[in-house]
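# Survey of secondary and tertiary structure
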There are 2 protein chains.
Amino acid sequence: MESEVLTRIRKLSQQYAYTSIQMHETIARQAGLPGTDHKYLGFLIQKGEMTAGELSNLTGLTTGAVTGLIDRFEKKGLVKRQFAEDDRRKVIIKPNTESIMALFAPLYKEFRSKSQELLASFSNKEIKVIETYFSKAIEIMNETTNKLNNK
Amino acid sequence: MESEVLTRIRKLSQQYAYTSIQMHETIARQAGLPGTDHKYLGFLIQKGEMTAGELSNLTGLTTGAVTGLIDRFEKKGLVKRQFAEDDRRKVIIKPNTESIMALFAPLYKEFRSKSQELLASFSNKEIKVIETYFSKAIEIMNETTNKLNNK
DNA sequence: GTAAATATCTTAGTTGCTAAGATAATATTA
DNA sequence: TAATATTATCTTAGCAACTAAGATATTTAC
């Protein structure tokens, strides 16, 4: 038997994740990125440049899939390939942050201002609560995922 | 220029959504559902039975894709097809909740108890804050998605 | 009763994935 | 140093699930 609160939060949480992915997919499609590529573009922006192998590890995609992914990004001018100076086997992927921003910023504009507004409606203390919840929930989900993957 | 708080929350939020999807995908894979099928199984559980067309609308998949989706679920005994009595063109998809639960419950067990624990560490007032944030953020994301889709 | 609309299924073609192996560069070792 | 092993990425073949378009079956409208 589980508490009503837990059920409510769990449903909201699932819906939140789903809605968020849905929105990001819609925005990506409008920006000319069909499928799930935008998900990986996010990594590149957040982490900055990285090698193809690192992206493969991070995403769980095979190196072959990553090759195709970078090809598609490169063709759109969103990233550049560059051999590493210290190891010429490595391919460094350099996100072209400016062109990425130019592509996505207008689509996120309204969302951002509304989010800003929503956050402004909470006190600092309340925001801290939200942050704590997010952080700890992320930790729990990662633990669950890792435990399931390593056995 | 955007506030630091907004940036922090936005990153946490994206990470939350990504981690959540990642966990659900891992659980689904362990349950023998590769790809993204589990996402749609969630709809069936939450909404109960629905027609193929409704599922198509809800998911944004074409009717052809939905046919394949139901085929895969049916083959695994997770849903049943049934013609609607009032309109024999319609196919009602009936989720077999018991077999779905039996498949997934053990994989979610530990996650649930940890979530329960996490939630217990917040006061009722704080939980209300989290719920409010989720609800309103979902609303904003849906608005954004709808606005982008209808133009 | 015929025509139009609707709900689902089928088919052909596309996309992006994995797995396995090829290629090129680097590290190791005798 | 030369031979061998390892590493990083790319290429290829095969596969799964998608879309778009059209087929089929049923219902609705005239």
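Residues numbered from 1 in each chain as written. Chains lettered and ligands numbered in written order. Predicted model: local features only at pLDDT ≥ 70, side-chain atom pairs only at ≥ 80, totals over all residues. Heavy atoms only, no water.

In the nomenclature of an unreviewed UniProt entry, chain A is known as MarR family transcriptional regulator of Chitinophaga tropicalis.

## Side note on the overall build of chain A
In terms of helices and strands, chain A carries six helices and three strands. Going from the N terminus to the C terminus, chain A shows its helices and strands as α-α-β-α-α-β-β-α-α. In terms of overall dimensions, chain A is more spread out than a globule: its C-alpha atoms have a radius of gyration of 19 Å, far above the 15 Å expected for 151 residues. Taken across its 151 residues, chain A has 42% of its residues classed as buried. Considering only contacts within chain A whose residues lie at least 6 apart along the sequence, 46% involve residues at least 24 apart. Of the accessible surface of chain A, which amounts to about 8600 Å², a share of 52% is contributed by carbon and sulfur atoms. Computed over 23 positive and 18 negative side-chain charges, the inter-centroid distance for chain A is 3 Å. (Helix = DSSP H or I, 4+ residues; strand = E, 2+ residues; numbered from the N terminus. Rg over C-alpha atoms; globule rule 2.2 N^0.38 Å. Buried < 20%, exposed > 50% of the residue type's maximum accessible area, 1.4 Å probe, protein only. Contact = heavy atoms within 4.5 Å. Areas by Shrake-Rupley, 256 points an atom, 1.4 Å probe, with all protein chains shown as cover. Lys, Arg positive; Asp, Glu negative; His and termini not counted. Charge placed at Lys NZ, Arg CZ, Asp CG, Glu CD.)

## What to know about the relation of the copies chain A and chain B
After a rotation of 179° and a shift along the axis of 0.0 Å, chain A superposes on chain B with an RMSD of 0.2 Å. One copy is carried onto the other by what is essentially a two-fold rotation axis. Among all C-alpha atoms of chain A, that of Ala17(A) lies closest to the rotation axis, at 2.1 Å. Mapped onto chain B, 100% of the interface residues of chain A again fall at the interface, so both copies present the same surface. (Least-squares fit on C-alpha atoms with pLDDT ≥ 70 in both.)

## Describing the nonpolar core
With 82 residues, the main nonpolar core has Tyr16(A), Leu41(A), Tyr133(A), Tyr16(B), Leu41(B) and Tyr133(B) as its most contacted residues. The contact partners of Tyr133(A), leaving out residues within four places of it in the chain, are Ile9(A), Tyr16(B), Leu118(B), Leu119(B), Phe122(B), Ile130(B) and Phe134(B). (Core = buried A, V, L, I, M, F, W, Y, C linked by side-chain atoms within 4.5 Å.)

## Some remarks on the sheet that holds strand E3 (residues 91-95) of chain B
Residues and elements named next belong to chain B. Spatial ordering of the open sheet is given by E1-E3-E2, a layout of three strands whose pairing is antiparallel. Of all the strands in the sheet, the pair left with one neighbour each is strand E1 (50-51) and strand E2 (79-83). In this sheet, E3 lies alongside E2 in antiparallel orientation, the contact comprising five bridges. Residue Val79 lies in a different strand from E3, and its bridge partner there is Pro95. (Pairing = 2+ DSSP bridges.)

## Focus on the packing of helix H2 (residues 37-47) of chain B against helix H4 (residues 63-75) of chain B
Relative placement of two packed helices is described by the angle separating their axes and the distance separating the axes. Residue and element names in this part refer to chain B. Where H2 meets H4, the axes come as close as 11 Å, and the angle between the chain directions of the two elements is 80°. As the angle between them shows, H2 and H4 are arranged roughly perpendicular. For the pair H2 and H4, the contacting residues are Asp37, Tyr40, Leu41 and Leu44 in the first and Leu69, Arg72 and Phe73 in the second. When the residues that make up the contact of H2 with H4 are grouped by side-chain class, the tally is five nonpolar, no polar and two charged. (Axes fitted to C-alpha atoms, helices over the stretch in contact; angles between N-to-C directions. Parallel < 35°, antiparallel > 145°, perpendicular 65-115°, else oblique. Nonpolar A, V, L, I, M, F, W, Y, C, P; charged D, E, K, R; others polar.)

## A word on empty space enclosed by the protein
A probe as big as a water molecule, rolled over the atoms, marks out the empty space that is left. Taken as a whole, this structure holds one cavity of 30 Å³ or more when the rule is applied. The volume enclosed by the largest cavity comes to roughly 200 Å³. If you go around the largest cavity, you meet 18 residues; those closest to its centre are Tyr16(A), Phe111(A), Ser115(A), Ser13(B) and Tyr133(B). For the lining of the largest cavity, the secondary structure elements donating two or more residues are helix H1 (4-30) and helix H5 (97-120) of chain A together with helix H1 (4-30) and helix H6 (124-149) of chain B. When its residues are assigned to classes, the lining of the largest cavity shows 12 nonpolar, five polar and one charged. (1 Å grid on protein atoms, 1.4 Å probe; cavity = no way out; pocket = protein on both sides within 12 Å on 5 of 7 lines; lining within 4 Å. Points joined across faces, edges and corners; volume = space filled by probe spheres on them.)

## Some details on the packing of helix H6 (residues 124-149) of chain A against H1(B)
Viewed as axis vectors pointing N to C, H6(A) and H1(B) meet at an angle of 25°, and their least axial separation amounts to 9 Å. Here H6(A) lies roughly parallel to H1(B), going by the angle between them. Relative to H1(B), the crossing made by H6(A) is left-handed. In the contact of H6(A) with H1(B), the residues fall into 14 nonpolar, 12 polar and three charged. (Left-handed = near helix turned anticlockwise from the far one by under 90°.)

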